[in-house]
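Reading the structure
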Amino acid sequence: MTRDEQKKQAAEAALEYVEAGAIVGIGTGSTANHFIDALARIKNRIDGTVASSEASALRLKAHGISVFDLNSVGDIPLYVDGADESNQHLQLVKGGGGALTREKIVAAASRKFICIADDSKLVDVLGAFALPIEVISMARSYVARQIVKLGGTPALREGFVTDNGNLIIDVRGLSIVNPPELERQLNNIAGVVTNGLFALRPADVLLLGSEKGVRKLGG
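Here we summarise the structure given alongside this text. (Residues numbered from 1 in each chain as written. Predicted model: local features only at pLDDT ≥ 70, side-chain atom pairs only at ≥ 80, totals over all residues. Heavy atoms only, no water.)

**A closer look at helix α2 (residues 30-39)**
Burial analysis of α2 places seven of its 10 residues in the buried class, which makes it a mostly covered element. Among the residues of α2, those classed as buried are T31, A32, H34, F35, I36, A38 and L39. In the core, the buried residues of α2 are packed alongside α1 (3-14), β1 (23-26), β2 (48-51), α3 (54-62), β3 (76-81) and β6 (110-118). (Buried < 20%, exposed > 50% of the residue type's maximum accessible area, 1.4 Å probe, protein only. Helix = DSSP H or I, 4+ residues; strand = E, 2+ residues; numbered from the N terminus. Contact = heavy atoms within 4.5 Å.)

Spelled out as structure tokens, the structure:
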């Protein structure tokens, strides 16, 4: 079974959490795309969705699924998204696709966050995957210098602009042993919009596709 098939397996399993008449928060990336495609089969059971990126919104609309602005719906019962890494506490590294800020906002507004991934994403310590940080353009160099002081190696994601019109700095070399504390530290750097650590608001459930079926951690 390929990694992509394992992602699809986890995405299919997440359908069980979708309640009739709900507004569903939708993440971004290859695994979230599998969930969007699966959700299309039951689109008549839900009231609509809130998307965390323009790309996800386009895919949802192509399936004939309604997409609402978060400001018009308030709290969301369920958010489903992938991750680049997760630890056993369901604290995540996200943002490989560059949608981390909107993902974090939709996750914060949701009562339950279901993370879907293949089992290679489960790690003992976060940090092998580069940590994305969304920054205001004028602060790029300043933020990079502060990251170096924290022990990280920053690199601008060349040729990429977020849906919010900002830049992404990818940070390598961090062994993230206290994710909530590092999340706070990075967010307190002037010019940082947010970073890809989802530790202050981790996932509630992690569904991992594997050769042996879907493994569930949490709730």
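Further notes follow.
**What about the pattern of salt bridges?**
Scanning the entire structure with this criterion turns up 12 salt bridges. The shortest N-O distance in the salt bridge between E12 and R41 comes to 2.7 Å. Of this pair, E12 sits in helix α1 while R41 sits in the loop between α2 and β2, placing them 29 residues apart in sequence. Classification of R41 by relative accessible area gives exposed; the value is 57%. Notably, a salt bridge pairs E103 with K94, separated by 3.3 Å at the nearest N-O pair. The same class applies to E103 and to K94, which are both buried. (Salt bridge = Lys/Arg side-chain N within 4 Å of Asp/Glu carboxyl O.)

**A few points about the packing of α1 against α2**
Running from amino to carboxyl end, α1 crosses α2 at an angle of 50°, the nearest separation of the two axes being 8 Å. The angle between the axes of α1 and α2 places the two elements in the oblique class. Seen from above, α1 lies across α2 with right-handed handedness. Residue-level inspection shows D4, K7, K8, A11, E12 and A14 of α1 in contact with α2, the latter providing S30, T31, H34, F35 and A38. Among the residues making up the contact of α1 with α2, the classes are represented as four nonpolar, three polar and four charged. (Axes fitted to C-alpha atoms, helices over the stretch in contact; angles between N-to-C directions. Parallel < 35°, antiparallel > 145°, perpendicular 65-115°, else oblique. Left-handed = near helix turned anticlockwise from the far one by under 90°. Nonpolar A, V, L, I, M, F, W, Y, C, P; charged D, E, K, R; others polar.)

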